[in-house]
Amino acid sequence: MRSLLHALILGLLGAGIVHIVVLFLVPEFSERDAWSRLAMASDLYRMTRLDAEAGGAPVVKSVDPLFYAAACRFDLGDGLVRIRAPGDVPFWSASVYDRNGHNIYSFNDHNANGGKLDAVVLTPAQMIDVRRDLPEDLQGAIFVEAPIEEGIFVVRAFVPDESWKPIVSRFLEQSGCELQDY
Amino acid sequence: MLKNAILTLLSLAIAIGLGGYSVWYALNAQDGVGAIRIGQWTAFPEVGTLAADPYSKARVAREGVLALGQAEGLAFVAERDDAGEPLKRECAYTIEGGYPTARFWTLYAADQSLGVIDTGKPRQSALQSYEVLRQPDNSVVISVGSRPAPGNWLLTGGSGRMYFVLTFYDTPIASSTGLSDVTLPRILKAGCNA
């Protein structure tokens, strides 16, 4: 009887340990996180629509129905990445996520130069290099210093009504996500 | 000897079974740590940031969420009306009151997975603040239901559980200091199609 009680208490203690271990391992081994879903949908440095409007099921769920969104994956180990989108939309916002989907930095059209989306994501070390000799065409860009290697850049744009759909779609489809030489 | 082996197996079974199940249960529960409740509305300002607790980090990884950043906006979810009853798709509701400062807001009716409900009609089950009619005191009255209503009408349909998702964009309340004296609209049940 005493050894049964002993085994039960040991089991409960073990359950506590397993609970904590599993909890911390879920983010490490998840194959359903945003990065993995995007990786199945497209390659690095390719803007991919997240909403269902572009056809098929939404890649990443829970996007506001009055919003269109696009995302691209990047690896700062290859160099710095520049995201640009032409045209005017009523509202856009952008976020940089790390490999595990944590929001590192976000900004919106009021933070940008003339409301244009032109951002460069780079590591602090690359920032030091770029500052030494800032290229002419990067003068107006927003610099996002992120202490990460792999990451996701997401652009969200507001669709106030039906008539804005083509304009906002074009805004996202013409947006570029490219490796930048410096 | 055999007794020892059975007891060891028992403790291992309890440890792995209970440990695994409790994580699964905690990750599926809608409520969580770090929630902010205003009336019937709940928001998780820290979800998806590095400051989040381990449970929301695991949930973010498991569900593939890309949460809104602070400069983007903050989403509130309601699953009950002001009387404390769960929201139902077959019922009509009135959402009335003032809204906190934001560039604009959107409101939509959602299903269990917080995606917009499919009404099967061209009209979307969503409204935004640029298109709503306002009262003289700048508050907004929204009628929710499957029948058209004068003023602001949010179309719903079908049956089952329903959630309202109210998202404020480019708003000072997204930084947690702004959340102290925010009031959000009330959700009143107007009637049900039994």
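To be clear, the structure that these remarks concern was listed above.
This report concerns the structure included in the present document. It should be emphasised that the depicted structure is a prediction, and the values quoted were computed from it without experimental measurement. (Residues numbered from 1 in each chain as written. Chains lettered and ligands numbered in written order. Predicted model: local features only at pLDDT ≥ 70, side-chain atom pairs only at ≥ 80, totals over all residues.)

Residue and element names in this part refer to chain A. In terms of nonpolar packing, the biggest core is built from 92 residues, with V121, F153, V155 and A157 touching the most fellow members. Looking at this core element by element, the count peaks at 7 residues for strand β2 (residues 67-75). When near neighbours in sequence (up to four residues on either side) are disregarded, V121 contacts F74, L76, L80, V81, V96, V144, A146, G151 and F153. (Core = buried A, V, L, I, M, F, W, Y, C linked by C-beta atoms within 7 Å. Buried ≥ 20, exposed ≤ 12 C-beta atoms within 10 Å, placed from the backbone. Helix = DSSP H or I, 4+ residues; strand = E, 2+ residues; numbered from the N terminus. Contact = placed C-beta atoms within 7 Å.)

So, about helix α1 (residues 2-29) of chain A. Residue pairs spaced three or four apart in an α-helix point in one direction, given the helix's 3.6 residues per turn. Between its first and last C-alpha atoms α1 of chain A spans 39 Å; for 28 residues at 1.5 Å apiece the expected length is 40 Å, and the two agree. Taken as a whole, α1 of chain A has its buried residues at A7, G11, A15, V18 and V26 of chain A. Contacts from the buried residues of α1 of chain A go to α1 (2-28) and α2 (54-63) of chain B. (Expected span 1.5 Å × (residues − 1).)

What follows covers helix α4 (residues 165-173) of chain A. Residue and element names in this part refer to chain A. Among all positions of α4, only V168, F171 and L172 are buried. One side of α4 carries all its buried residues, which in axial view fall inside an arc of 90 degrees. Where the residues of α4 are buried, they touch β1 (48-49), β2, β3 (80-85) and β8 (150-158). (Arc of directions from axis to C-beta.)

Turning our attention to the sheet that holds strand β9 (residues 176-180) of chain A. Residue and element names in this part refer to chain A. Reading across the sheet, the 4 strands line up as β7-β6-β3-β9 and stay open at both edges, with mixed pairing between neighbours. Edge strands, defined here as strands with exactly one partner in the open sheet, are β7 (142-145) and β9. The average undirected angle you get between the axes of adjacent strands in this sheet is 25 degrees. Pairing of β3 with β9 involves 5 bridges; the strand directions are antiparallel. The partner of R82 across the bridge, within β9, is E178. (Pairing = 2+ DSSP bridges. Axes fitted to C-alpha atoms, helices over the stretch in contact; angles between N-to-C directions.)

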